[in-house]
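Each chain, letter by letter, is given below.
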Amino acid sequence: MEWPLKTAQKEILKAFDQFVIENKSFLENKKLLVWGASVRGTLLGMILEKKGLIDFLYIDNDERKWGNPVSYTHLRAHET
């Protein structure tokens, strides 16, 4: 099977997944911010959600993305 996302390497996805697994007990009691709502940021967000960590926000400096939903989480301006 071919990797469906051309702009994200499999190694990055594996690294995100491993980071969340190893740090879940620390992360689950925090309010998390994910910088970037493009491919890598949303991949991290999907992994967080899959692992039950749903208390997070995306932030991005691209005004066109502000206020739009990304999965169940709304995108915030980087100043907020």
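Since we're looking at a predicted model, the values are computed, not measured. Residue indices follow the written sequence of each chain, beginning from 1 at its first position. The predicted origin of the model limits local features to residues at a pLDDT of at least 70 and limits the giving and counting of side-chain atom pairs to 80 or more, whereas totals for whole chains, interfaces and linings rest on all residues. Values shown for side chains rest on all heavy atoms present in the structure; no hydrogens or waters enter the calculation.

**Observations concerning the nonpolar core**
Among the nonpolar cores identified, the biggest contains 12 residues, and these are Val20, Leu27, Leu32, Val34, Ala37, Leu44, Ile47, Leu48, Leu53, Phe56, Tyr58 and Val70. In DSSP terms, a helix is any run of H or I states spanning at least four residues, a strand is any run of E spanning at least two, and both are numbered starting from the N terminus. The element that contributes the greatest number of residues to this core is helix α2 (residues 39–50), accounting for three residues. Discounting chain neighbours no more than four positions away, the residues touching Leu27 are Phe19, Val20, Leu32 and Leu53. Among buried residues, the Ala, Val, Leu, Ile, Met, Phe, Trp, Tyr and Cys ones that are joined through side-chain atoms within 4.5 Å form a nonpolar core. Relative accessibility thresholds used throughout: buried, under 20% of the residue-type maximum; exposed, over 50%; partly exposed, between the two (1.4 Å probe, protein chains only). We call two residues in contact when some of their heavy atoms are within 4.5 Å.

**With respect to the pattern of salt bridges**
By convention in these notes, a salt bridge is any Lys or Arg side-chain nitrogen within 4 Å of a carboxyl oxygen on Asp or Glu. For the coordinates displayed, the defined rule picks out three salt bridges. Its salt-bridge partner being Asp17, residue Lys51 comes within 3.3 Å of it at the nearest N-O pair. Remark: Asp17 occurs in helix α1 (residues 10–27) and Lys51 occurs in the loop between α2 and β2 (56–60); sequence separation between them is 34 residues. The shortest N-O distance in the salt bridge between Arg64 and Asp62 comes to 2.8 Å.

**Observations regarding the side chain of Asp62**
For Asp62, the location among the structural elements is in the loop between β2 and β3 (69–70). With a relative accessible area of 18%, Asp62 lands in the buried category. Engagement of the side chain of Asp62 in a polar contact is seen with the side chain of Arg64, the distance being 2.8 Å. For the purposes of these results, a polar contact is taken to be a pair of N or O atoms within 3.5 Å, where, inside protein, one atom must be able to donate a hydrogen and its partner to accept one; residues adjacent in sequence count only when each atom of the pair is a side-chain atom.

**Some details on α2**
Counted at 1.5 Å a residue, the expected span for α2 with its 12 residues is 16 Å, and the 16 Å between its end C-alpha atoms agrees. Among the residues of α2, Gly41, Thr42, Leu43, Leu44, Gly45, Ile47 and Leu48 are the ones counted as buried. Its buried side turned inward, α2 meets α1, β1 (32–35), β2 and β3. At the exit of α2 stands Gly52, carrying a positive phi of roughly 85°. What a helix should span is 1.5 Å times the count of its residues minus one.

**Considering the packing of aromatic side chains**
Between 30 and 60 degrees the pair is tilted, below 30 it is stacked and above 60 it is edge-to-face, where a pair is any two Phe, Tyr or Trp rings, Trp via its six-membered ring, whose centres lie within 6.5 Å. As enumerated under the stated definition, the model contains one aromatic pair in all. Here Phe56 and Tyr58 contribute two aromatic rings whose centre-to-centre distance is 5.4 Å and whose plane-to-plane angle is 80°, an arrangement assigned as edge-to-face. When its relative accessible area of 1% is taken as the criterion, Tyr58 is described as buried. Lysine NZ or arginine CZ positioned within 6 Å of the ring centre and within 35 degrees of the ring normal marks a charge as sitting over the ring. For Lys30, the ring lying beneath its charged end belongs to Phe26, and the centroid distance is 4.3 Å.

**What about the pairing of β2?**
Burial analysis of β2 places four of its five residues in the buried class, the great majority of the element. As paired strands, β1 and β2 are joined by four bridges and run parallel to one another. Paired with Leu32 across the bridge in β2 is Phe56. Crossover handedness for the path β1 to α2 to β2: right-handed. Strands qualify as paired when DSSP identifies two bridges or more between them. With the strands aimed away from the viewer, a crossover counts as right-handed if its path from the first strand over the helix to the second runs clockwise.

Coordinates in, geometry out; function isn't part of it.
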